[in-house]
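Fold and geometry: a report
Letter by letter, the chains look like this.
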Amino acid sequence: MGFNCGIVGLPNVGKSTLFNALTATAAAQAANFPFCTIEPNVGRVAVPDPRLDKIATIAGSKAILPTQLEFVDIAGLVKGASKGEGLGNQFLANIRETDAILHVLRCFEDGNVTHVEGSVDPIRDAEIIETELMIADMESLQKRIEPLKKKARSGDKDTIAQVEMIERVLKVLEDGKPARTVEYKEDEARTFKMLQLLTSKPLLYVCNVGEDDAADGNVHTQAVQKMADEQGAEVVIISAAMEAEISQLESDDDKKEFLEAAGLSEPGLNRVIKAGYNLLNLMTFFTAGPKEARAWTVKQQSKAPQAAGAIHTDFERGFIKAETIAYDDYVTLGGEVKAKEAGKMRQEGKEYVVQDGDVMLFRFNV
């Protein structure tokens, strides 16, 4: 099961620098001109989780395998992208395939790095991108609605539900609001999701600042935070250039020293990865043994068979039960054997809702 976040923004805001730092590679060409990213670059990064190291130590595991999150670096959008300006619709399609959007906003002043709009104004930049995505969504829905209306005349309930949903979403978009603000009932969630709207995706603003502002932000990040609070969105402040430097340091001691000098307790990238993870409503469960300790990703509220399926489809198909230990019990008691002796290993069935941090062993029969 793969989960990915698309990194979007205007040209020259630091998207590719952020992507390179995230993946610690030079896979995305970072250059001071628009459209340097010609194809969407994809990188998988480990999700930082100190719990996994503790579990591995207790279990005596030879290998430690963290869970991962995928980031897609999408070429810089410009005003008119929905009409094919710049690299236009090609990249709108790439965004459509992602699960969430990380919107990088330039919040630093630097005369050596040109700004496609001529000045630094992250609120304006955010509105440009959001407007392009809303226009693309409106055009997509307007193309679909007439054929669906014809089909709905036959009385097909699913088609009627789609038409009603599209009309509701179009009204919101025409009012200048993104699709994620549309209210719908639980039994309408599937119909809404089927529309595959760009502005329905969860959104995280990443404020890219200069090194001096990495710890506390600046007037630009304050404006972004105010906007995000009004939208119910999240904000992470980082210096992409500094993160790129940190990612190239080889030793943990060097990284720690660099961070302390900048007044930071952890790399900003860790916060971006964690925020992306939370944005997608994901959580982690663990498996552990002498061979390996491993973190696995599932959606929040997943049941035990779904968690088993994250490991292998056969595990889900032939699920019998899950032997489960809460993370705190596993660590406090010192592992599987002692947790079992203390009565803290539970036998859970198909209806068990997996909790973040559960250490699990699945029994199955295919």
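Scroll up to find the structure this text is about.
Treat the numbers as computed from the prediction; the structure is a model and nothing was measured.

Below, the discussion takes up the overall build of the protein chain. Along the protein chain, the regular secondary structure elements total 14 helices and 12 strands. When contacts within the protein chain are restricted to residue pairs at least 6 apart in sequence, long-range pairs at least 24 apart make up 68% of them. Here the protein chain has roughly 18,200 Å² of accessible surface; of this, 48% comes from carbon and sulfur atoms.

This part covers the pairing of strand β2 (residues 41–46). Going residue by residue along β2, you find N41, G43 and V45 tucked away on one face and V42, R44 and A46 left uncovered on the opposite face. For β2 and strand β4 (residues 68–73), the ladder comprises six bridges, and the chain directions are antiparallel. In the strand pairing of β4, V45 is matched with L69.

Taken in spatial order, the six strands make up an open sheet running β2-β4-β1-β5-β6-β7, and their pairing is mixed. Each end of this open sheet is capped by a strand with a single partner; those strands are β2 and β7 (234–238). Mean inter-strand twist for the sheet, computed between neighbouring axes without regard to direction, equals 25 degrees. Relative to β4, strand β1 (residues 4–8) runs parallel, the two sharing four bridges. Across the sheet, residue I7 finds its bridge partner in β4, namely D73. Most of the contacts of helix α1 (residues 15–23) go to β2, to which it runs at about 40 degrees, and overall it touches β1, β2, β4, β5 (100–106), β6 (203–208) and β7. Together, β5, β6 and β7 form the strand contacts of helix α7 (residues 219–231), whose direction differs from that of β6 by roughly 175 degrees.

Turning to the packing of aromatic side chains, a few remarks are in order. Counted by the stated rule, this structure contains five aromatic pairs. Measuring from ring centre to ring centre gives 4.6 Å for Y184 and F192, while their planes differ by 25 degrees; the resulting arrangement is stacked. On the accessibility criterion, Y184 (36% relative accessible area) is partly exposed. Within the aromatic cluster, the residues linked to one another by ring pairs are F285, W296, F319 and F362. The ring of Y327 carries R51 above its face, with NZ or CZ at 5.8 Å from the centroid.

Another point: the side chain of D125. Its place among the elements puts D125 in helix α4 (residues 122–152). Not counting residues up to four positions away in its chain, the partners in contact with D125 are L10, H103, L105, H115 and E117.

Calculation rules
- Residues numbered from 1 in each chain as written.
- Predicted model: local features only at pLDDT ≥ 70, side-chain atom pairs only at ≥ 80, totals over all residues.
- Heavy atoms only, no water.
- Helix = DSSP H or I, 4+ residues; strand = E, 2+ residues; numbered from the N terminus.
- Contact = heavy atoms within 4.5 Å.
- Areas by Shrake-Rupley, 256 points an atom, 1.4 Å probe, with all protein chains shown as cover.
- Buried < 20%, exposed > 50% of the residue type's maximum accessible area, 1.4 Å probe, protein only.
- Pairing = 2+ DSSP bridges.
- Axes fitted to C-alpha atoms, helices over the stretch in contact; angles between N-to-C directions.
- Phe/Tyr/Trp six-rings, centres within 6.5 Å; stacked < 30°, edge-to-face > 60°.
- Lys NZ or Arg CZ within 6 Å of the ring centre and 35° of its normal.

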